[in-house]
Amino acid sequence: MVFSLAVGCTTPPPLTPVPPLIGGQEVSEILKRAEAGNPDAQNQLGVFYSEGRGLPQNYHEAKDWFKKAADQGHADAQVNLGTLYSLGQGATFSDQMALFWFQKAADQRNALAFAKLGMMYERGRGVPQNLVDAHMWYNLSAAYGEKRAAESRNAVATRMTSAQVAEAEERAKKWKPK
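It should be emphasised that the depicted structure is a prediction, and the values quoted were computed from it without experimental measurement.

**Student:** For this particular structure, what's the right way to read helix H4 (residues 75–87)?
**Tutor:** Since there are 3.6 residues in each turn of an α-helix, residues three or four apart along the chain are aligned in direction. Here H4 spans 18 Å end to end across 13 residues, near enough to the 18 Å set by a 1.5 Å rise per residue. With ten of its 13 residues buried, H4 lies for the most part within the structure. Taken together, the buried positions of H4 are occupied by Ala75, Ala77, Gln78, Val79, Leu81, Gly82, Thr83, Leu84, Tyr85 and Ser86. For H4, the secondary structure elements touched by its buried residues are helix H2 (39–51), helix H3 (59–71), helix H5 (95–106) and helix H6 (111–123). Just beyond H4, the residue with positive phi is glycine 88, at close to 70°.

**Student:** What is the right way to read the packing of H4 against H5 from this model?
**Tutor:** When two helices pack together, their arrangement is given by the angle between their axes and by how far apart the axes lie. The geometry of H4 relative to H5 is characterised by a closest axis approach of 8 Å and an angle of 165° between their N-to-C directions. With respect to H5, the axis of H4 lies roughly antiparallel. Considering only the axes of H4 and H5, their crossing is left-handed. Across the interface between the two elements, Ala75, Gln78, Val79, Leu81, Gly82, Thr83, Tyr85 and Ser86 of H4 pack against Met97, Ala98, Trp101, Phe102, Lys104 and Ala105 of H5.

**Student:** Please clarify how the packing of aromatic side chains should be interpreted in this entry.
**Tutor:** The description of two aromatic rings rests on the distance between their centres and on the angle between their planes. Applying the stated criterion across every chain, the model contains five aromatic pairs. Aromatic side chains phenylalanine 100 and tryptophan 101 sit 4.9 Å apart centroid to centroid with 85° between the ring planes, which places their arrangement in the edge-to-face category. Judged by centre distance (5.9 Å) and plane angle (70°), the rings of tryptophan 137 and tryptophan 175 are edge-to-face. Of this pair, tryptophan 137 sits in helix H7 (residues 131–143) while tryptophan 175 sits in the segment after helix H9 (162–174), placing them 38 residues apart in sequence. Note on tryptophan 137: relative accessible area 5%, which makes it buried.

**Student:** I'm lost on unusual backbone geometry in this one. Help?
**Tutor:** Negative phi characterises most residues that are not glycine, and trans characterises most peptide bonds. Even without being glycine, arginine 109 reaches a positive phi, approximately 65°. A residue is classified by how much of its surface remains accessible, and arginine 109, at 40% relative accessible area, is partly exposed.

**Student:** Would you mind showing me how to read the nonpolar core here?
**Tutor:** Within soluble globular proteins, side chains that are nonpolar generally end up buried alongside one another. Judged by nonpolar contacts, the single largest core of 47 residues is most densely connected at Leu45, Trp137, Leu140 and Met160. Those elements that place two or more of their residues in this core are helix H1 (24–35), H2, H3, H4, H5, H6, H7 and H9. For this core, the element with the highest residue contribution is H7, accounting for seven residues. What methionine 160 contacts, discounting residues up to four positions off in sequence, is Leu131, Val132, His135, Val165 and Ala168.

The rules behind these values
Residues numbered from 1 in each chain as written. Predicted model: local features only at pLDDT ≥ 70, side-chain atom pairs only at ≥ 80, totals over all residues. Heavy atoms only, no water. Helix = DSSP H or I, 4+ residues; strand = E, 2+ residues; numbered from the N terminus. Expected span 1.5 Å × (residues − 1). Buried < 20%, exposed > 50% of the residue type's maximum accessible area, 1.4 Å probe, protein only. Contact = heavy atoms within 4.5 Å. Axes fitted to C-alpha atoms, helices over the stretch in contact; angles between N-to-C directions. Parallel < 35°, antiparallel > 145°, perpendicular 65-115°, else oblique. Left-handed = near helix turned anticlockwise from the far one by under 90°. Phe/Tyr/Trp six-rings, centres within 6.5 Å; stacked < 30°, edge-to-face > 60°. Core = buried A, V, L, I, M, F, W, Y, C linked by side-chain atoms within 4.5 Å.

Here you go:
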(Lines give C-alpha, C1' and ligand atoms only; values in the text may rest on other atoms or scores of the structure.)
Protein backbone atom coordinates (compact mmCIF):
# COMPACT_ATOMS: atom_id res chain seq x y z
CA MET A 1 0.00 0.00 0.00
CA VAL A 2 1.41 3.36 -1.04
CA PHE A 3 0.27 6.52 0.56
CA SER A 4 0.77 9.75 -1.21
CA LEU A 5 0.89 12.94 0.73
CA ALA A 6 0.39 15.93 -1.46
CA VAL A 7 2.04 18.95 -0.06
CA GLY A 8 0.81 22.16 -1.54
CA CYS A 9 2.97 25.16 -1.74
CA THR A 10 1.18 28.41 -1.35
CA THR A 11 2.65 31.82 -1.69
CA PRO A 12 1.65 34.36 0.90
CA PRO A 13 -0.52 37.23 -0.25
CA PRO A 14 1.43 40.27 -1.37
CA LEU A 15 2.23 42.71 1.40
CA THR A 16 0.63 46.10 1.39
CA PRO A 17 3.31 48.57 0.41
CA VAL A 18 4.58 50.47 3.42
CA PRO A 19 5.53 54.08 2.90
CA PRO A 20 9.28 54.37 2.95
CA LEU A 21 10.75 55.36 6.28
CA ILE A 22 13.04 58.31 6.20
CA GLY A 23 16.53 57.81 7.45
CA GLY A 24 17.24 57.97 11.15
CA GLN A 25 19.76 60.73 10.53
CA GLU A 26 17.13 62.92 8.87
CA VAL A 27 14.72 62.43 11.77
CA SER A 28 17.54 63.26 14.19
CA GLU A 29 18.34 66.48 12.35
CA ILE A 30 14.70 67.55 12.26
CA LEU A 31 14.29 66.66 15.94
CA LYS A 32 17.33 68.79 16.85
CA ARG A 33 15.94 71.77 14.95
CA ALA A 34 12.45 71.22 16.40
CA GLU A 35 13.77 71.06 19.96
CA ALA A 36 15.70 74.28 19.26
CA GLY A 37 12.36 75.97 18.46
CA ASN A 38 12.35 75.95 14.65
CA PRO A 39 8.65 76.06 13.65
CA ASP A 40 9.21 74.45 10.22
CA ALA A 41 10.96 71.50 11.88
CA GLN A 42 8.29 71.31 14.59
CA ASN A 43 5.57 71.13 11.95
CA GLN A 44 7.52 68.52 9.96
CA LEU A 45 8.02 66.40 13.06
CA GLY A 46 4.28 66.66 13.71
CA VAL A 47 3.61 65.45 10.17
CA PHE A 48 5.98 62.49 10.65
CA TYR A 49 4.22 61.50 13.88
CA SER A 50 0.77 62.04 12.38
CA GLU A 51 1.50 59.93 9.30
CA GLY A 52 3.82 57.41 10.93
CA ARG A 53 6.65 58.29 8.54
CA GLY A 54 10.06 57.59 10.02
CA LEU A 55 8.53 57.54 13.49
CA PRO A 56 5.75 55.48 15.06
CA GLN A 57 2.35 57.02 14.40
CA ASN A 58 1.37 58.99 17.49
CA TYR A 59 -1.31 61.67 17.23
CA HIS A 60 -0.60 63.00 20.73
CA GLU A 61 3.03 63.67 19.81
CA ALA A 62 1.89 65.15 16.50
CA LYS A 63 -0.47 67.51 18.33
CA ASP A 64 2.26 68.64 20.71
CA TRP A 65 4.66 69.47 17.88
CA PHE A 66 1.97 71.13 15.75
CA LYS A 67 0.97 73.27 18.76
CA LYS A 68 4.55 74.46 19.31
CA ALA A 69 4.81 75.57 15.68
CA ALA A 70 1.24 76.93 15.58
CA ASP A 71 1.90 79.10 18.62
CA GLN A 72 4.76 80.66 16.66
CA GLY A 73 2.37 81.53 13.83
CA HIS A 74 3.23 78.66 11.45
CA ALA A 75 0.15 78.55 9.18
CA ASP A 76 0.56 74.94 8.00
CA ALA A 77 0.93 73.79 11.62
CA GLN A 78 -2.21 75.75 12.50
CA VAL A 79 -4.13 73.90 9.79
CA ASN A 80 -2.66 70.57 10.91
CA LEU A 81 -3.57 71.24 14.53
CA GLY A 82 -7.09 72.29 13.56
CA THR A 83 -7.43 69.09 11.55
CA LEU A 84 -6.51 66.96 14.57
CA TYR A 85 -9.18 68.77 16.62
CA SER A 86 -11.75 68.33 13.84
CA LEU A 87 -11.05 64.59 13.75
CA GLY A 88 -10.51 64.05 17.47
CA GLN A 89 -7.07 62.56 16.82
CA GLY A 90 -4.53 63.24 19.56
CA ALA A 91 -6.82 65.97 20.84
CA THR A 92 -10.31 66.08 22.20
CA PHE A 93 -12.77 66.44 19.32
CA SER A 94 -13.62 70.14 19.13
CA ASP A 95 -15.09 71.98 16.18
CA GLN A 96 -14.53 75.25 18.07
CA MET A 97 -10.80 74.60 18.42
CA ALA A 98 -10.63 73.46 14.79
CA LEU A 99 -12.30 76.70 13.70
CA PHE A 100 -9.94 78.74 15.90
CA TRP A 101 -6.82 77.26 14.29
CA PHE A 102 -8.24 77.26 10.75
CA GLN A 103 -9.11 80.96 11.15
CA LYS A 104 -5.61 81.79 12.40
CA ALA A 105 -4.12 80.12 9.32
CA ALA A 106 -6.69 81.74 7.01
CA ASP A 107 -5.66 85.13 8.38
CA GLN A 108 -2.27 84.32 6.83
CA ARG A 109 -3.94 83.51 3.51
CA ASN A 110 -3.36 79.76 3.76
CA ALA A 111 -5.24 78.07 0.89
CA LEU A 112 -5.93 74.84 2.79
CA ALA A 113 -7.24 76.78 5.80
CA PHE A 114 -9.72 78.55 3.51
CA ALA A 115 -10.91 75.15 2.23
CA LYS A 116 -11.23 73.74 5.76
CA LEU A 117 -13.33 76.76 6.77
CA GLY A 118 -15.47 76.23 3.67
CA MET A 119 -16.09 72.64 4.74
CA MET A 120 -16.98 73.74 8.29
CA TYR A 121 -19.54 76.26 7.01
CA GLU A 122 -20.90 73.89 4.38
CA ARG A 123 -21.54 71.18 6.98
CA GLY A 124 -22.47 73.45 9.88
CA ARG A 125 -19.63 72.18 12.05
CA GLY A 126 -19.09 74.56 14.97
CA VAL A 127 -20.99 77.29 13.12
CA PRO A 128 -24.50 77.52 11.72
CA GLN A 129 -24.55 76.03 8.24
CA ASN A 130 -24.08 78.86 5.76
CA LEU A 131 -23.60 78.10 2.08
CA VAL A 132 -22.76 81.71 1.23
CA ASP A 133 -19.85 81.63 3.68
CA ALA A 134 -18.86 78.14 2.51
CA HIS A 135 -18.78 79.32 -1.11
CA MET A 136 -16.73 82.39 -0.13
CA TRP A 137 -14.11 80.29 1.71
CA TYR A 138 -13.90 77.72 -1.09
CA ASN A 139 -13.57 80.55 -3.61
CA LEU A 140 -10.69 82.09 -1.64
CA SER A 141 -9.06 78.68 -1.35
CA ALA A 142 -9.25 78.14 -5.10
CA ALA A 143 -7.89 81.64 -5.75
CA TYR A 144 -4.90 80.85 -3.51
CA GLY A 145 -4.13 77.62 -5.33
CA GLU A 146 -6.04 74.78 -3.64
CA LYS A 147 -7.15 72.84 -6.74
CA ARG A 148 -9.94 70.77 -5.17
CA ALA A 149 -11.57 73.84 -3.63
CA ALA A 150 -13.06 74.90 -6.96
CA GLU A 151 -14.91 71.57 -7.15
CA SER A 152 -16.29 72.06 -3.64
CA ARG A 153 -17.28 75.66 -4.43
CA ASN A 154 -19.06 74.57 -7.59
CA ALA A 155 -20.89 71.77 -5.76
CA VAL A 156 -22.07 74.21 -3.08
CA ALA A 157 -23.19 76.65 -5.77
CA THR A 158 -25.68 74.08 -7.11
CA ARG A 159 -27.54 74.40 -3.79
CA MET A 160 -27.60 78.21 -3.86
CA THR A 161 -29.59 80.88 -5.63
CA SER A 162 -27.83 83.13 -8.13
CA ALA A 163 -28.16 86.01 -5.64
CA GLN A 164 -26.43 83.94 -2.95
CA VAL A 165 -23.60 83.03 -5.34
CA ALA A 166 -23.17 86.71 -6.25
CA GLU A 167 -23.09 87.65 -2.56
CA ALA A 168 -20.47 84.96 -1.84
CA GLU A 169 -18.32 86.14 -4.75
CA GLU A 170 -18.55 89.74 -3.56
CA ARG A 171 -17.58 88.71 -0.01
CA ALA A 172 -14.57 86.82 -1.37
CA LYS A 173 -13.42 89.91 -3.31
CA LYS A 174 -13.70 92.07 -0.18
CA TRP A 175 -12.23 89.56 2.29
CA LYS A 176 -9.31 90.75 4.38
CA PRO A 177 -7.49 89.00 7.24
CA LYS A 178 -8.58 89.94 10.74
